[in-house]
Each structure stands twice: as structure tokens, then as C-alpha cells.
Amino acid sequence: PPPPPPGHFKHPAKDLFCGDSAATLRFMSSICARVPGGCRLTMGPSLAKRPIKPLIEAMRQLGVDCTLEPGAVIIKGGAFPGGTATLPGDISSQYISALLLAGPLSQKGVGIKLSSPPRSEPYIDMTIDCMAQFGVKTTRFPDGYFTAPQTYKPAKYEVEGDWSSASYFLGLGAVGGDITVENIDIKSRQADRAIIDILEKMGANIEKGEKSVRVTKSELKPVQADLANCIDLLPSVMAIAATVKGASEFTGIASARLKESDRIAAMTEGLNRMGVSVREHPDSIIIYGGNPRPGGVIDSHGDHRIAMAFSIPGCAAGNTTIKGAECVTKTFPEYWKLLQKTGARMIVLDE
């Protein structure tokens, strides 16, 4: 069948700046394949260090004329033939979501064959569910997916509260307070909802509502957990584990090195500065927690999740400095103000 019309897509007058948002770059790279005249997507310094080549190679397999330059992706859009592309599933689920989102706009549809099992698979499931809300169907196979040429239909869609952002406050409640987080769906398919399961294994006091969760301070115990499907929780759970006496182990974490920072190295460095011992392995990490000491000066490495995570042991230890704390504006601009509302005492330092 002929490809669906590109709707109101038009050639942008200038480059499209994606900042340091990997989701924006990856999703828009595929969508721009249907933009007449194409697009040039540019990146911030942090994003330029993150992998995009596997997605570009997959798009080329689908007949899209695209090139990768230092700090930019160039898509010569308009025609999107489609077909079948092979790509790894263990680097980023966003590659798969990007192709699924754009697949209905292609001429022949898009088949995705995975050369390795997908990590963070719940995010792929969320993409498919969201597309279904807008009238687009996806076929699943044991080793991949297929979307036929289709037309997206208007729909009313409510965006859920974010479990990734909630994880820091839930952790703070378990470590040292009484905190209720509202506007999060306890039945959500978001991968980071796993923070509840991990806290329960640690013995946290948790009260679940339909759209809220309350966590109160309790005597926590070490935990073992596989984070392969919820890798963004790594900073949160490492920070919580740092306050817990004993050895906690987290596996399935290799992809954390490919985020805004090398999160394994950044968390290890910061926890060491707080007197917490950490043992790294290629795909796992052990935290020997207990009493993080005050006086630590933590480098956020410009990574929003590192900065927010260290508020947990920082509150537990006291007198902790987090450098580059303004980086939370990427996903949670009000974080520090909301943290103060929980009773945390903070001073903003000018560097």
C-alpha cells in the first residue's frame, strides 16, 4: 500500500537541538525520516558521547538516507521505504521504540529483528501500549516486532506520574522519614515501579494506595536485585543500600555506563568519598553499606540521576556537598525545592 501521508510535517527552518535528551534524539531521528527535506538533529556535549550508531545503521537498512557527524544526525527525509532491520536489543530499548513509532509511517512497514535479547523490555511494552491507544497495532515475534503501514488516530491520553523521579523520595522515606508520593499508579507498567519491590525486599514500611505510596523509616536489610529491565534505578538503589548495614548486590547493570555519565563509576566514586566501600564487576556491583560519613563532596558529573540519588545518603549523613546540583533541571527542575518540603535542610552554594 502507499505510505500514509506525512500529515503536517514540514522541513524545519533550522537545526533541531536535542539538548542532552537521548530519547528526543532517538525518537526524532526515526520520525524525521518522513519529514520532507529532512532534518539535522544536534546534540549537547553529554548526549554526543552516548551511542546512536546502531539506530542509524538500522535506519539505513530500512532505506533511510541518514548520516552521523560529530554532534549531529542528518536525516534526508521524505521517503521511508521500510523493510526489515537487525539491531542489538541490549544497548537501549529506545532504538526499538524509535523504529516502532515511525514504522506505521513507512511504505512497507518496519520489521525489527533483535540480534540480542532486549533489556529494559517494559519500556518497549509501554511504547506498544501507547501506540495502541492511538489506533496502531504492533505484531510481536520471539525475536522481534513488526508494524505495518497505518494511520495514527487522535486520542485522549493521560500521561502517568514518573516512577523514576518518585524513587528518590520513596528511598528517603525508607531511610529517614515519612514520605507520601502522590500521582503514581501502583499498577503501572513502568519498569522503575520495581523500586517498590526492592524496598519491600529490604523490609521497608510501605502503604500502597491506588495513586499514591507512603514509605516510613524502618530498619532496612541488604538486598540482591536484577536491574536489567530498570537500569535507571541503579543510582537510587545504590544510594539507599549505602545506608544499610551489610552487602547489597545489583546485577544486570552494564548499560548504566552508557548514560549521561558512567553511572557505575560516578556512584562508586561518590560513595567512596562518603566512606562506603563498593566492589565493581562488569555486570554487577556490591555495596558494603552502613553509616555514610558526613563531609563528603560529591561530583554529580552533570548527571541528574547522580545528583538526586546522593540526596539520600546526604540526608542520612548530613553535611554533604553535591556539586553541579543544577543538572536536575533535565528531568526534575523542582527537585531541590520539593526535597526541602520534606524537612531536608540545604544551602545553595555559588561556585
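S.K.: Any details on the overall build of the chain? Residues and values, ideally.
M.R.: In terms of helices and strands, the chain carries 11 helices and 17 strands. Radius of gyration (C-alpha) of the chain: 21 Å, near the 20 Å computed for a compact globule of 351 residues. If you line up the chain on its principal axes, its C-alpha atoms span 65 × 40 × 35 Å. Taken across its 351 residues, the chain has 51% of its residues classed as buried. Relative to all contacts within the chain whose residues are 6 or more apart in sequence, the contacts with residues 24 or more apart total 70%. Total accessible area on the chain stands at roughly 16300 Å², and carbon and sulfur atoms take up 52% of it. Of note, the chain has its 39 positive side-chain charges centred 3 Å away from the centre of its 36 negative side-chain charges.

S.K.: An account of the sheet that holds strand S6 (residues 110-114) is needed here, citing residue identities and associated values.
M.R.: Read from one edge to the other, the open sheet built from 4 strands follows the order S5-S6-S8-S7, with strand pairing classed as mixed. Of all the strands in the sheet, just strand S5 (83-87) and strand S7 (139-141) have a single pairing partner and so form its edges. Averaged over all neighbouring strand pairs, the angle between strand axes comes to 15°, with direction disregarded. As paired strands, S6 and strand S8 (residues 144-147) are joined by 4 bridges and run antiparallel to one another. Note that in S8 the partner of Lys 113 across the bridge is Gly 144.

S.K.: If you had to explain the sheet that holds strand S12 (residues 224-226) to someone new, which residues and values would you point to?
M.R.: Overall, mixed pairing links the 4 strands, which are arranged S12-S13-S15-S14 in an open sheet. Of all the strands in the sheet, the pair left with one neighbour each is S12 and strand S14 (277-281). Strand after strand, the sheet turns through a mean of 15° between neighbouring axes, direction not considered. Judged from the 6 bridges that link them, strand S13 (residues 246-251) and strand S15 (residues 284-289) form a sheet pairing that is antiparallel. Note on S15: the bridge partner recorded for Gly 246 is Gly 289.

S.K.: Can you tell me about the environment of Ile 264, naming the residues and giving the values?
M.R.: With respect to the element layout, Ile 264 can be found in helix H8 (residues 263-273). Residue classification places Ile 264 among the buried residues on the basis of a relative accessible area of 0%. Sequence-wise, Ile 264 and Arg 60 are 204 residues apart; in three dimensions their C-alpha atoms are separated by 32 Å. When residues no more than four places from it in sequence are discounted, the contact partners of Ile 264 are Leu 234, Ile 253, Ala 256, Arg 257, Glu 280 and Ile 285.

S.K.: So, the pairing of S13: which residues are in play, and what are the values?
M.R.: Bridge count between S12 and S13: 3 bridges; the pairing is parallel. Opposite Gln 224, over in S13, you have Glu 249 as the bridge partner. For the segment spanning S12, helix H7 (residues 234-241) and S13, crossover handedness is right-handed.

S.K.: If you had to explain the side chain of Ser 188 to someone new, which residues and values would you point to?
M.R.: Here Ser 188 is to be found in the loop between strand S9 (178-182) and helix H6 (194-201). The exposure class assigned to Ser 188 is buried, which follows from its relative accessible area of 8%. Separated by 2.6 Å, the side chains of Ser 188 and Glu 160 make a polar contact. Residue contacts for Ser 188: discarding those within four places in its chain leaves Glu 160, Trp 163 and Arg 193.

Rules and cut-offs
Residues numbered from 1 in each chain as written. Predicted model: local features only at pLDDT ≥ 70, side-chain atom pairs only at ≥ 80, totals over all residues. Heavy atoms only, no water. Helix = DSSP H or I, 4+ residues; strand = E, 2+ residues; numbered from the N terminus. Rg over C-alpha atoms; globule rule 2.2 N^0.38 Å. Buried < 20%, exposed > 50% of the residue type's maximum accessible area, 1.4 Å probe, protein only. Contact = heavy atoms within 4.5 Å. Areas by Shrake-Rupley, 256 points an atom, 1.4 Å probe, with all protein chains shown as cover. Lys, Arg positive; Asp, Glu negative; His and termini not counted. Charge placed at Lys NZ, Arg CZ, Asp CG, Glu CD. Pairing = 2+ DSSP bridges. Axes fitted to C-alpha atoms, helices over the stretch in contact; angles between N-to-C directions. Right-handed = clockwise from strand over helix to strand, strands pointing away. Polar contact = N/O pair within 3.5 Å; in protein donor to acceptor, adjacent residues only side chain to side chain.

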